[in-house]
Amino acid sequence: MDPHVLVVSSLTRTKASNSKEPCVSAEFSGFAPHSCRTQTFSRTRTNREISPRFKRDVSSEGFTPCFSSLEAADLKKLKQNTHETKFLDDDGSSFILSWVGDGTGVILVLSTYNIPIDWFFEQGSSHLYRSEDSGKTFSDISHVINNTYIRKEFGINVGPGHSQRVILTADTSGDGEKRGVIFTSGDSGISFQETTLPFHPGQVISYHPSNPDYLLVTSTDKTLWLSVDFGQNWRKVHANVHSFSWGAGITLFFSTSPKGTVDADRRGELFLKRTEDLGKTFTTVSKNIFSFGYIGSFLFTSVVEKPGKPRVIYVSSNQGDSFNQAQLPSATLEQFYSVLEADAEMIFMHVDEPGDTNFGTVYTSDDSGIVFSKSLERHLFSPEGKSDFTNITSLRGVYLTNVLEKDGRIRSVISYDRGGEWRLLNKPENVKCEASVKECKLHIHGEYSRIQDLAPLIPLSDPSATGLVIAHGSVGDSIKSARPDIYISDDGGYSWMRTLKGPHHYAILDSGGLIVAVEFNIDKAIKSIKFSTDEGQCWKSYDFTQQPVTFAGLASEPGTKTMNISVWGYRTEEDSKVTWVSVTIDFEELLTRDCEDKDYVLWLAHSSNEESSDNDGCVLGYKERFRRLKKLSVCRNGRDYIVSKEETPCPCTRHDYLCDYGYYRHENSSECIEQPAFENHTLELCLNGQEELLQTSGYRKVPGDKCEGGFTPQRKEKNINKQCGAFSQASESKPKIPVVHSLLFCKETTIVTALTITIMIVALSAAVFLIVRKYVFGGRILAYRFSALQQQDDDPCITGNLNNVVSNGRGFHDDSDEDLIG
């Protein structure tokens, strides 16, 4: 095998790190580093040394990026708008940077140390800095927190949106005598109020997603605490809490142990409780759960129905009032589930394969979150618990990820229709493969490559920069372990162009009107930054300092509206003392002309350039025409820029539909065919506690599809007034109702007196049950999908657990496997 081919066949699965990086979403991929509100820069080399075999890529030889010279007038403007800050007498091992508020320009920076805590507890202090001009200047404001030492694990806890809320958690001894201390600010860090807590916080305090005065946290003794006045006063909510999550409104969910233990091997005994009045009253909505998650508008539970048996996932779309079993394949105790992406319309779920395979299958749900369709097989999930699954946010419906082939090679695939179909990426026109390569394609480095130190960043996109994608990649028949180059797509991943040689850190500014990049090389200090105003077709280089710095990272305001970029690094002085440096470059004076109508062009997204085609550009039932900046227009979009688009519905085709219950698609066919076991049988399904009679011609529309007319198959669900499924339990003050778990077979709850029950009726009932089980449902859960994969039956049992994963990132994870549901 080619020594440059990246493989994972020799690796085994390990637990994920307990520390969560601030710029990598634990639940969803695709969140770019520059859009994170908090970033950490470290001068302690924790990465593994790069092997010499990573340093040469044959396909890169002969490639020369396009560079144009920087005119003297532009060079003068940039120098006048470059601001360097030296953090003298501060040799912190890492700096934590947080943006406070949206568009405020306020930054807080906390320097921290990687040394024993006991050394600092009595006499140590942290340095806290504040900037009001997007990092051009900083003031040391350590005195506003009384020079108190702040732990790196808690960092800078910034509130949502425009709240201007900040929480700093001071070091706690945990000896039972000293209590936790927090510093709270409601004015973006101008002032702080010190509050002594009645407990020791065990994790970062969680904000309510829409009311930042409401705070939740668990203490070190697993007690859940609540504050409704931004941390001034706290009251105990519940003891023995394993995990918690905000639901809709002020609804709060948490799992708790009735036996006073939350050990991992006893988590199948947990209760899931709900409070809708901030902890005054409680309702038990499920028992025997292993874990749970509130994702989008869906509440997931992983239930242990019998001790030692596989766990089963249930879904509720009504805040836990009723549950339905998710139609997903079974899994052993060693397997897991992971939510890759979720919104109100669809969930992408990864289901692990048995053993240390490092791959699994991706399923997509319908809008109920119950019926899942198989989307992609052999989906790579690294031994470290990371996935390469990336939402390309610059174009609707586009997702990018990597698959693990049977020979151990990794290949990139892309979907343009929310997982309906996956294909290999097209080879860029300005690159050639080696002669021995049979299928020359572009392959993109994701999170797995970042962990392996092959690429410093995952693919980057943003909704305001229509169609723009920046990524590390290589060409060939699979991903290479050689140093990757930078590739850019301007049409959401349909076509690509190699634009820079070697790995870089990159960021999108001015809604895509400006791209910046800094070369990444751990063995070489840097002094220049590259920038492009034509989406990477050509670049200019600017030396932002005379004294090179060891590069630590790029920082820019969340989103892509800003025109400021900060380069963070450090220098080793003559006395061997380390000095941290931040250099902020403002490009606003370089691009002084505001863009006009003549600078924009109408662009049809997802177009295959097929003239006179009514369906050209149709994805999920409609076309989108965007007003986007011309590549040769050198102007400024500005902060007020809003993406402008026109939507046109398309006539429906079979591609706008999934195969319904009991139907499947043959390979290379769009027609849904009835499964033999379902022919001439009535189909019943259980939805929200009511049995429904399904009348279908085999198709159901893809969630979020907006097509009109055209192919319109009939589908009806008729309520037949029978109760079924799993119901939530009444509040603890009411009689307990046993939780009944079932999938599609629903049993009528007619009360029959004992005198009328005969042996014949019992036998007949048993026979009916077996017949329905065997012939109507085949005794199995069916995984329906709209990809061109072979249909298969799946076992009805599901093994897995749901960590507390929340789409707004406000959940608390107690396990080290934070990315995994089970």
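Predicted, not measured: the structure shown is a model, and the values here were computed from it.

S.K.: Explain the pattern of salt bridges to me, please; I cannot follow it from the model alone.
M.R.: Under the counting rule described, the total for this entry stands at 31 salt bridges. Note that Asp213 and Arg165 form a salt bridge whose closest N and O atoms lie 2.6 Å from each other. Here Asp213 is found in the loop between β11 (206–207) and β12 (215–218), whereas its partner Arg165 is found in the loop between β7 (156–158) and β8 (166–169), with 48 residues between them in sequence. Judged by its relative accessible area of 26%, Asp213 is partly exposed. Residue Arg411 is joined to Glu405 by a salt bridge in which the shortest nitrogen-to-oxygen separation is 3.8 Å. Overall, the relative accessible area of 14% leaves Arg411 in the buried class. With relative accessibility at 26%, the residue Glu405 sits in the partly exposed group. If you follow the salt bridges from partner to partner, you end up with Arg396, Glu624, Lys645, Glu647 and Lys706 in one network.

S.K.: Help me out: how do you make sense of the pairing of strand β40 (residues 578–586) in this one?
M.R.: The side chains of a regular strand alternate between both faces of the sheet. Counting buried positions along β40 gives nine out of nine residues, so the element sits mostly inside the fold. Neither face of β40 is exposed, since Val578, Trp580, Ser582, Thr584 and Asp586 on one face and Thr579, Val581, Val583 and Ile585 on the opposite face are all buried. Two elements, strand β2 (residues 82–87) and β40, share six bridges in a ladder whose sense is antiparallel. The residue of β40 that forms the bridge with His83 is Thr584. With nine bridges joining them, strand β39 (residues 564–572) and β40 adopt antiparallel strand pairing.

S.K.: Would you mind showing me how to read the state of the cysteines here?
M.R.: Where two cysteines share a covalent bond between their sulfur atoms, that bond is called a disulfide. Scanning all chains against the criterion turns up six disulfides. Two residues, Cys595 and Cys635, share a disulfide whose sulfurs are 2.0 Å apart. Judged by the torsion about the S-S bond (95 degrees), the Cys595/Cys635 disulfide is right-handed. Taken as a pair, Cys595 in the loop between β40 and β41 (600–604) and Cys635 in the loop between β42 (622–629) and β43 (644–649) lie far apart in primary sequence, 40 residues in all. Comparing Cys595 with Cys635 shows no difference in burial state: the two are buried. The disulfide bridge from Cys618 ends at Cys650, spanning 2.0 Å between sulfur atoms. In this structure, the disulfide formed by Cys618 and Cys650 twists by about -90 degrees around the S-S bond and is classed as left-handed.

S.K.: Looking at this structure, how should I read the environment of Val181?
M.R.: Mapping Val181 onto the fold places it in strand β9 (residues 181–185). Measuring from C-alpha to C-alpha, the distance between Val181 and Ala170 comes to 5.3 Å, with 11 residues separating the pair along the chain.

S.K.: Could you clarify how one ought to interpret the nonpolar core in this entry?
M.R.: Of all hydrophobic cores here, the largest spans 25 residues; its most connected members are Val516, Ile529, Phe531, Ile565, Ile585 and Phe587. Of all the secondary structure elements, the ones that give two or more residues to this core are β34 (504–509), β35 (514–519), β36 (528–532), β38 (550–555), β39 and β40. With residues near it in sequence (within four places) discarded, Ile565 still touches Ala507, Leu509, Val516, Ile529, Leu554, Ala555, Ser556, Val583, Thr584, Ile585 and Phe587. Val398, Leu400, Val437 and Trp603 belong to the second largest nonpolar core, which has 20 residues in total.

S.K.: I'm lost on the confidence of the model for the protein chain in this one. Help?
M.R.: A low pLDDT score tells you not to read the predicted coordinates there in detail. The pLDDT averaged across the protein chain works out to 79; a share of 75% of its residues lies at or above 70. The spread of mean pLDDT over the elements of the protein chain runs between strand β55 (residues 793–794), the lowest at 27, and β36, the highest at 98. Here residues 9–35 scores under 50 on pLDDT; set against residues more than four positions off or in separate chains, the count is 80 contacts. Segment residues 727–822: pLDDT under 50, and 269 contacts once partners within four positions in sequence are set aside and those in other chains are kept.

S.K.: Before we go on, may I ask you to explain the sheet that holds strand β1 (residues 38–42) in this structure?
M.R.: Hydrogen bonds between backbone groups are what pair the strands of a sheet, and the pairing can be parallel or antiparallel. Reading across from one edge, β1-β3-β4-β5-β6 is the order of the five strands in this open sheet, with antiparallel pairing throughout. Of all strands in the sheet, those bounded by a partner on one side alone are β1 and β6 (139–140). Two strands pair when backbone bridges link them, and strand β4 (residues 106–112) and strand β5 (residues 127–131) are joined in this way by five bridges, in the antiparallel orientation. In the strand pairing of β5, Ile107 is matched with Ser131.

S.K.: What exactly am I supposed to notice about the side chain of Ser227 here?
M.R.: Looking at where Ser227 falls in the secondary structure, it is placed in strand β13 (residues 224–227). Residue class for Ser227 comes out buried when judged on its relative accessible area of 0%. Engagement of the side chain of Ser227 in a polar contact is seen with the side chain of Asp229, the distance being 2.9 Å. A distance of 2.8 Å separates a polar side-chain atom of Ser227 from the backbone nitrogen of Gly231. Sequence-distant contacts of Ser227, that is, excluding residues within four places in its chain, are made with Asp213, Tyr214, Leu215, Gln232, Asn233 and Trp234.

Rules used in this analysis
For every chain, the first residue of its written sequence is number 1, and the numbers climb from 1 along that sequence. Note on the predicted model: pLDDT of at least 70 is required for a residue's local features to be given, and 80 or more for side-chain atom pairs to be given and counted; whole-chain, interface and lining totals, by contrast, use all residues. For side-chain calculations, the full set of non-hydrogen atoms in the structure is used, while hydrogens and water are omitted. A side-chain nitrogen of Lys or Arg and a carboxyl oxygen of Asp or Glu constitute a salt bridge if their distance falls within 4 Å. Helix and strand definitions follow DSSP, with helices as H or I runs of at least four residues and strands as E runs of at least two, each counted in order from the N terminus. Think of it in three bands: residues with accessible area under 20% of the maximum for their type are buried, residues over 50% are exposed, and the middle band is partly exposed, with areas taken using a 1.4 Å probe on protein chains only. Strand pairing is assigned whenever DSSP identifies at least 2 bridges connecting the two strands. By convention in this document, the label disulfide applies to cysteine sulfur atom pairs within 2.5 Å. The term nonpolar core refers to a set of buried residues drawn from Ala, Val, Leu, Ile, Met, Phe, Trp, Tyr and Cys, joined through side-chain atoms within 4.5 Å. Note on contacts: a residue pair is in contact if any heavy atoms of the two residues lie within 4.5 Å. Summary of the metric used: pLDDT quantifies the predictor's per-residue confidence within the range 0 to 100. By the criterion applied in these results, polar contacts are pairs of N or O atoms within 3.5 Å in which, for protein atoms, one can donate a hydrogen and the other can accept it, and in which residues neighboring in sequence qualify only through two side-chain atoms.

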